[in-house]
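Tertiary structure, described
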Amino acid sequence: YECLKVDLYEARFRKLLTHDRATIGLHTCGGLAVSQIKSSVEQQCRGLINFGCCYHKILPHEQNLSQFAKENGGIEFNQFALTL
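Report on the accompanying structure. (Residues numbered from 1 in each chain as written. Predicted model: local features only at pLDDT ≥ 70, side-chain atom pairs only at ≥ 80, totals over all residues. Heavy atoms only, no water.)

Digging into the side chain of Ser40
To keep things clear, this is the line we draw: The helix count covers DSSP runs of H or I at least four residues long, the strand count covers runs of E at least two residues long, and both are numbered beginning at the N terminus. When a residue's accessible area, from a 1.4 Å probe over protein chains only, is under 20% of the maximum for its type it is buried; when over 50% it is exposed; and in between it is partly exposed. Contacts between residues were defined by any pair of non-hydrogen atoms, one from each residue, lying within 4.5 Å.
When you line up the elements, Ser40 lands in helix α2 (residues 31-42). Judged by relative accessible area, Ser40 falls into the buried class, the value being 4%. Setting aside its immediate chain neighbours within four residues, Ser40 contacts Leu17, Thr23, Cys45 and Leu48.

What follows is the structure, given as structure tokens:
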């Protein structure tokens, strides 16, 4: 196996993304999920499966840790957030 950065601008990672491959992300936290999705779409991969983190375990006062959430007045998860 290879250890490399999941980033569209990482040449070794981009080389693995072809139209006949799919990507799978498990517990992709924050920017990792965005990088996997964006890279897979831009490289026109055959498929994409992404299982995000355990957001349902985060308490309301703990969930607004990202800079985006802080700058935009917070993010509130509801029952539909887990199905995205």
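Regarding the pattern of salt bridges
Threshold: Any Lys or Arg side-chain nitrogen found within 4 Å of a carboxyl oxygen on Asp or Glu counts as a salt bridge.
Summed over the entire model, instances satisfying the criterion amount to two salt bridges. Residues Lys5 and Asp7 are paired through a salt bridge, measuring 3.7 Å at the closest nitrogen-oxygen approach. Residue Lys5 is classed as exposed on the basis of its relative accessible area of 53%. One salt bridge in this structure joins Arg12 and Glu10, with 3.9 Å as the shortest N-O distance.

Observations regarding α2
Selection rule: Each helix should span, by expectation, one fewer than its residue count multiplied by 1.5 Å. What the arc describes is the spread of directions from the helix axis to the C-beta atoms.
The end-to-end C-alpha distance of α2, which contains 12 residues, comes to 16 Å, matching closely the 16 Å that a straight helix rising 1.5 Å per residue would cover. Within α2, burial applies to Ala33, Gln36, Ser39 and Ser40. Relative to the axis of α2, the buried residues are bounded by an arc of 145° and lie together on one face. For α2, the exposed residues set more than 90 degrees away from the buried face come down to Val34 and Val41. Residues of α2 that are buried sit in contact with α1 (11-16), β1 (22-28) and β2 (47-52). At the C-terminal side of α2, Gln44 shows a positive phi close to 55°.

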